[in-house]
Amino acid sequence: MKVGILGAGQLARMIALAGFPLGLEFIFLDPAADACANRLGEHLQGDYNDVSLLAQLAERADVVTYEFENVPSTVAEFLSAHTQVHPSPQALAVAQDRLIEKNFFNGIGIPTPAYAAVNSLEDLQAVMADIGYPAVLKSRTQGYDGKGQSVLKTVDDLAAAWHKLEGVPAIIEAFVPFTREVSVIAARNIAGDIVYYPLSENLHRGGILRVSECKTDDAMQEQAQTYITHLLEALDYVGVLALELFEFNGKLVANEFAPRVHNSGHWTIEGAQTSQFENHLRAILNLPLGATTAINKAAMVNFIGGLPSSETVLTIPGAHLHLYGKDPRKGRKVAHATIRTETDKSLAELTQKLTQIADQVDDS
Ligand code: AMP
């Protein structure tokens, strides 16, 4: 059985690593010659909308999936006319556009911050009376890790923030003074079975995820599961999906979802009975889903911009290091490490040690 993946970055690499024990083979489409998953399968090197490469991918893969949501939805539609594609092109289209995504959330009862579409500076000036300050202006498409975003604190910020977007369609959102950010990750297979991981509590800096901690028995677990169930069922979704939420005033509001495996779920490799990567494969192949229960306490720390010394990381008890085989570059995620340990106290101490190492190599 051969799985095709659009993209050959670290997420594709970790999917492939989880697939080898299941006897799976992989074929990737990615424009970068040095894409880091390319040592784990065949690599079709070229643009995502190169029709001849897409035709080859569709012919050689039994099922196609993707590691990121910013492939043109026409690509997923082309592929799904020729082979099985999971998740569906519809899930991709909704996740790609923040306005469509927020409308979709509201249509199925998932609360969001107040928001409005913005296509001009005049639109922005007009809607601020309803949205209020502070607020966040975001491009509707192509934004990730805080890119294409500005926080607006007063009316004086409007013009500069709008011009920075260079005229692309945008969305303005009320700024949520959240107490914390969490994500819920679930997998749904073709038969419609769903499994849910314990919540991840996430710390971002500069819009980029730094640390995720697995929270077993979290008071918000049930609420988060209800919302992600609505989303999975409304999209007739197949695969792993991550829903990112803000907690504010004891309630959850949705920020966005990722139609794929997610950075905040990397702790599941060592920290859960079945990793998000294995469950993604099981879901798209319509295999029984694996248990998602946490093993002990777990947290994950990202290395961004610079690589740590393996020895330094592995000196920490319970640490597992994942190097992606990517050249370090400013702001680039190049590795992560997971801590798995027995108690909350040791988790906090060991995670702090890892975070210090990550801060030393971080040049972003
Ligand atoms: P995003 O690209 O939408 O995931 O945003 C990146 C990060 O910016 C989030 O993880 C939050 O830390 C922050 N952020 C985005 N939107 C908002 C908002 N409406 N209110 C407060 N913080 C936000």
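This is a predicted model, so every value here is computed, not measured.

Looking only at helices and strands, the protein chain has 12 helices and 18 strands in total. Taking 2.2 N^0.38 as the reference for a compact globule, 364 residues should give roughly 21 Å; the C-alpha atoms of the protein chain span a radius of gyration of 20 Å, in line with that estimate. Projected onto its principal axes, the C-alpha coordinates of the protein chain cover approximately 55 × 50 × 40 Å. By the burial criterion, 56% of the 364 residues in the protein chain qualify as buried. If you take every contact in the protein chain between residues at least 6 apart in sequence, the share linking residues at least 24 apart comes to 61%. Side chains of the protein chain carry 28 positive and 43 negative charges; the gap between the two charge centres is 4 Å.

Among the nonpolar cores identified, the biggest contains 40 residues, and V3, F26, F28, W267 and L281 are the most heavily contacted of them. Elements with a minimum of two residues in this core: strand 1 (2-6), helix 1 (10-19), strand 2 (25-30), strand 10 (180-188), strand 13 (208-215), strand 14 (239-248), helix 10 (276-284) and strand 16 (297-304). Formed jointly, this core draws a minimum of three residues from each of two domains, domain 1 (2-85) and domain 3 (180-363).

Here we come to the domain arrangement of the protein chain. One can read the domain layout of the protein chain as domain 1 (2-85), domain 2 (114-174) and domain 3 (180-363). For domain 1 versus domain 2, the distance between C-alpha centres works out to 34 Å.

Further remarks concern the packing of aromatic side chains. What the rule picks out here adds up to 6 aromatic pairs. Note on F105 and F257: the rings are 6.0 Å apart at their centroids and 70° apart in plane angle, and the pair reads as edge-to-face. Placement of F105 in helix 5 (residues 98-107) and of F257 in strand 15 (residues 251-258) is noted, with a sequence separation of 152 residues between them. For F257, a relative accessible area of 2% corresponds to the buried category. Relative to F246, the ring of F178 has its centre 5.0 Å away and its plane inclined at 0°; by these criteria the two rings are stacked.

Right, let's get into helix 8 (residues 221-234). The first and last C-alpha atoms of helix 8 sit 20 Å apart over 14 residues, in line with the 20 Å expected at 1.5 Å per residue. Looking at helix 8, one finds that the buried residues are Q221, A224, Y227, I228, T229, L231 and L232. After helix 8 finishes, the residue D236 shows a positive phi value of roughly 45°.

With respect to spatial proximity, 15 residues lie near the ligand, and among them K138, Q149, V176, E181 and E256 are the closest. A distance of 3.0 Å is found between an oxygen atom of the ligand and a side-chain nitrogen or oxygen belonging to R98. Contacts to the ligand include V176, whose backbone N or O atom sits 2.8 Å from a nitrogen atom. Calculation on the ligand without its partners gives an accessible area of 480 Å², and the protein chains cover 92% of this total. Among the elements of the structure, strand 7 (135-139), strand 9 (170-174) and strand 15 are those that each provide at least two residues to the shell around the ligand. A per-class count over the shell around the ligand returns 6 nonpolar, 4 polar and 5 charged. Both of domain 2 (114-174) and domain 3 (180-363) provide at least three residues apiece to the shell around the ligand.

The sheet built from 4 strands is open, its strands ordered 6-9-7-8 with antiparallel pairing. Across the chains shown, the open sheet's two edge strands, defined by having one partner strand only, are strand 6 (115-118) and strand 8 (149-152). Shown here is a sheet whose adjacent strand axes are inclined to one another by a mean of 20°, direction ignored. Relative to strand 9, strand 7 runs antiparallel, the two being bridged by 5 bridges. Note on strand 9: the bridge partner recorded for K138 is I171. Running over the sheet, helix 5 touches strand 6, strand 7, strand 8 and strand 9 and is turned about 150° from strand 6. Sheet strands touched by helix 6 (residues 121-131): strand 6, strand 7, strand 8 and strand 9. Its angle to strand 6, the strand with the most contacts, is close to 175°.

Procedures and definitions
Residues numbered from 1 in each chain as written. Predicted model: local features only at pLDDT ≥ 70, side-chain atom pairs only at ≥ 80, totals over all residues. Heavy atoms only, no water. Helix = DSSP H or I, 4+ residues; strand = E, 2+ residues; numbered from the N terminus. Rg over C-alpha atoms; globule rule 2.2 N^0.38 Å. Buried < 20%, exposed > 50% of the residue type's maximum accessible area, 1.4 Å probe, protein only. Contact = heavy atoms within 4.5 Å. Lys, Arg positive; Asp, Glu negative; His and termini not counted. Charge placed at Lys NZ, Arg CZ, Asp CG, Glu CD. Core = buried A, V, L, I, M, F, W, Y, C linked by side-chain atoms within 4.5 Å. Domains from an automatic or database assignment. Phe/Tyr/Trp six-rings, centres within 6.5 Å; stacked < 30°, edge-to-face > 60°. Expected span 1.5 Å × (residues − 1). Near = heavy atom within 4 Å. Polar contact = N/O pair within 3.5 Å; in protein donor to acceptor, adjacent residues only side chain to side chain. Areas by Shrake-Rupley, 256 points an atom, 1.4 Å probe, with all protein chains shown as cover. Nonpolar A, V, L, I, M, F, W, Y, C, P; charged D, E, K, R; others polar. Pairing = 2+ DSSP bridges. Axes fitted to C-alpha atoms, helices over the stretch in contact; angles between N-to-C directions.

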